Amino acid sequence: MTQSGAVAVVGTRRIRGDARAKAAGSTIYTADVALDNPLIAHVRRSPYPFARIRNVDIGKASAMPGVSAIVFSGNVPDKRLAFGIKDQFLFPRDFVRYAGEPIAAVAADTEAQAIAAADAIEIDLEPIEPILTIDDALAPDGRLVHPDWKNYEKGEGRVLDRNTCGYNRIRRGDVDAAFASADTVVESRFRFSHGMPAYIEPRAALARKEPDSGLTVWCGSQAPYDNRDGLTEFFDLDVEKVRFVNQFVGGGFGGKLLMAAEWYAAALALKCDRPVRLVWSRREDSLNVYPRHGGRASFKSAARKDGTLLAMRASIVFDTGAYIGWGGGSALIASMLASAPYRIPNLDIESRLVYTNKQNAGPVRAPGGPQANFAKELHLDQLARELGIDPLEFRLRNAWVDGDAGPTGQRLEGVSAKDVLERAARAIAWGTPKPQGRGRGLACTWWFSSCTESRARIEITKEGRVRLHSGNPEVGTGSAAWALPMLAADALGIAPEEIEVVL
């Protein structure tokens, strides 16, 4: 509610508060942060997708001009990263498992010195034939990406069996009986490739050891709080003395939820008396980019001749790369989206995650969702064609309504799937002749609620100025830099331009 006579803000068109700075190039991103006399870092990476590590010797490199510190498996904490399955060290100890995997990192006075020292690290690797396909990974007696998988710690409910490192299944009703009684049964198979998040700003991080045994990290992260806690735990630091200063993020798309450059800048800074700057080139970034999961899917569905869906059986297999990382989330989400938002009484949906010798995939744009939806919606188009029913009408006959149950049994309220489909159809003139050379299609999906906590603080100064403080990452969407001041302005009855935003 606004003050008497004030104009509402929410719902109006306004120039974003950060637009001019970004257009003028004055916005401060991580690589722009100015620190006093920083060291420059460089990462040495594996040239092989799979190799046994015989030895890593940093002696010669450590003595080179300008070198302040080198970090590798021999001088960082001997513990694994925590991603549900503890399958990864910060630096590999026995095997490198993908081409580009960081083996060591160097901090030196100049970039040239850091690169020269990184190249001088003596690394003895014995190449091994890599596992690069899902079929190879799932071969019953095939080679293993993680020969010591039986010794890994894993969380409750996690599945780990040879090269399979994740499994989810949703079952409801009697799928086989439904197939036997159906008028029409259709099967489809799909493949989907890996995809890069393709943000404009490559990875960068700066880190500085503080006099009180603390650490400050400057980064462009989508999840600075989770990352701060993970880094603090790994290096056994006092969380009250570790600060992540999050800059504007030049795009993330899920690719900057997980730490990359932050790990190595922090590891080096903890061994140096000067801050450490690590800025990756586009090529370096692409070697550690957490791509979208590639994989394959098979779908089989049954329906009556009137188009009523009776049953669906689906199997989705994701290639998660060398380590599980955030892969468990992708497999879980895929299984939740594979049959939705449709009323299907009999379900058998499974999703599986497998290791290969590729860089580990990550949480890109609704992780696991686009792959499952791509396959499911094309499959349903095929079923509609087989039945001779218009694809829109087929979806409207089966779409959820209030009171229906979601894939795992939750009762749904406020369901708008049919309304959205009808609006979309009107917007693209569904059912009218198409111009020559043009195509037209419809697809439908849903997303679940994943609510955590978010806070902001409003300060009114003695001079009457309004200042909004927020720790929300601004990843380019405007959710922090402009949506928050619009909400505050609407409540206070002032213009959002009058609010100073402090991120």
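A brief look at the structure comes next.

So, how was this worked out
Throughout, a residue's number is its position along its own chain's written sequence, starting from 1. A pLDDT threshold of at least 70 governs which residues receive local features in this predicted model, and a stricter bar of 80 or more applies before side-chain atom pairs are shown or counted, although totals over entire chains, interfaces and linings include all residues. Excluded from the side-chain calculations are hydrogens and water; all other atoms, namely the structure's heavy atoms, are used. Here, strands pair whenever DSSP counts at least two bridges between them. By the criteria applied, helices consist of DSSP H or I runs no shorter than four residues and strands consist of E runs no shorter than two, each listed in order from the N terminus. The axes are straight lines fitted to the C-alpha atoms, using for helices just the contacting stretch, and the angles between their N-to-C directions are given from 0 to 180°. The term nonpolar core refers to a set of buried residues drawn from Ala, Val, Leu, Ile, Met, Phe, Trp, Tyr and Cys, joined through side-chain atoms within 4.5 Å. Buried, partly exposed and exposed residues are distinguished by accessible area as a fraction of the type maximum, computed with a 1.4 Å probe on protein chains only: under 20%, between the cut-offs, and over 50%, respectively. For this analysis, residues touch if any pair of their heavy atoms sits within 4.5 Å. What the arc describes is the spread of directions from the helix axis to the C-beta atoms. The term polar contact refers here to a pair of N or O atoms within 3.5 Å; inside protein, the definition further demands a hydrogen-donor-capable atom paired with an acceptor-capable atom, and it admits residues adjacent in sequence only when both atoms are side-chain atoms.

1. With respect to the sheet that holds strand 17 (residues 466–470)
Part 1 of the reasoning: The mixed open sheet is built from 3 strands, whose spatial order is 16-17-18. Strands at the two margins of the open sheet, each flanked by one partner only, are strand 16 (456–460) and strand 18 (499–502). With strand direction ignored, the average angle separating the axes of adjacent strands in the sheet is 20°.
Part 2 of the reasoning: Summarising the sheet, strand 16 and strand 17 pair through 5 bridges and their orientation is antiparallel. Residue pairing in the sheet places I458 in a bridge with L468 of strand 17.

2. Points about the nonpolar core
Part 1 of the reasoning: By size, the foremost hydrophobic cluster in this structure holds 52 residues, and its most contacted members are F299, I316, L383 and F394.
Part 2 of the reasoning: L383 has contacts with T184, V186, S301, A303, L309 and F394, leaving out every residue within four places of it along the chain.
Part 3 of the reasoning: The next biggest cluster of nonpolar side chains, apart from the first, holds 38 residues, and it includes L90, A207, L258 and Y264.

3. Thoughts on the side chain of Q88
Part 1 of the reasoning: Along the polypeptide, Q88 turns up in the loop between strand 3 (67–72) and strand 4 (95–96).
Part 2 of the reasoning: Judged by relative accessible area, Q88 falls into the buried class, the value being 11%.
Part 3 of the reasoning: Setting aside chain neighbours within four positions, we find Q88 in contact with R80, L81, Y323 and N360.

4. A few points about helix 6 (residues 224–234)
For an α-helix the count is 3.6 residues per turn, leaving residues at separations of three or four pointing the same way.
Part 1 of the reasoning: Among all positions in helix 6, only P224, N227, L231, T232 and F234 are buried. Looking straight down helix 6, one finds its buried side chains confined to an arc of 165°; they lie on one side. When the buried face of helix 6 is taken as reference, the exposed residues oriented beyond 90 degrees from it are D226 and E233.
Part 2 of the reasoning: Its buried side turned inward, helix 6 meets strand 10 (215–219), strand 11 (242–246) and helix 7 (261–269).
Part 3 of the reasoning: Downstream of helix 6 by one or two residues, D236 has phi in the positive range, about 55°.

5. Details of the environment of R45
Part 1 of the reasoning: Relative to the helices and strands, R45 is located in strand 1 (residues 39–45).
Part 2 of the reasoning: Since its relative accessible area comes to 13%, R45 is described here as buried.
Part 3 of the reasoning: Taking the C-alpha atoms as reference points, R45 and M312, 267 residues apart in sequence, are found 44 Å from one another.
Part 4 of the reasoning: Separated by 2.9 Å, the side chain of R45 and the backbone oxygen of G100 make a polar contact.

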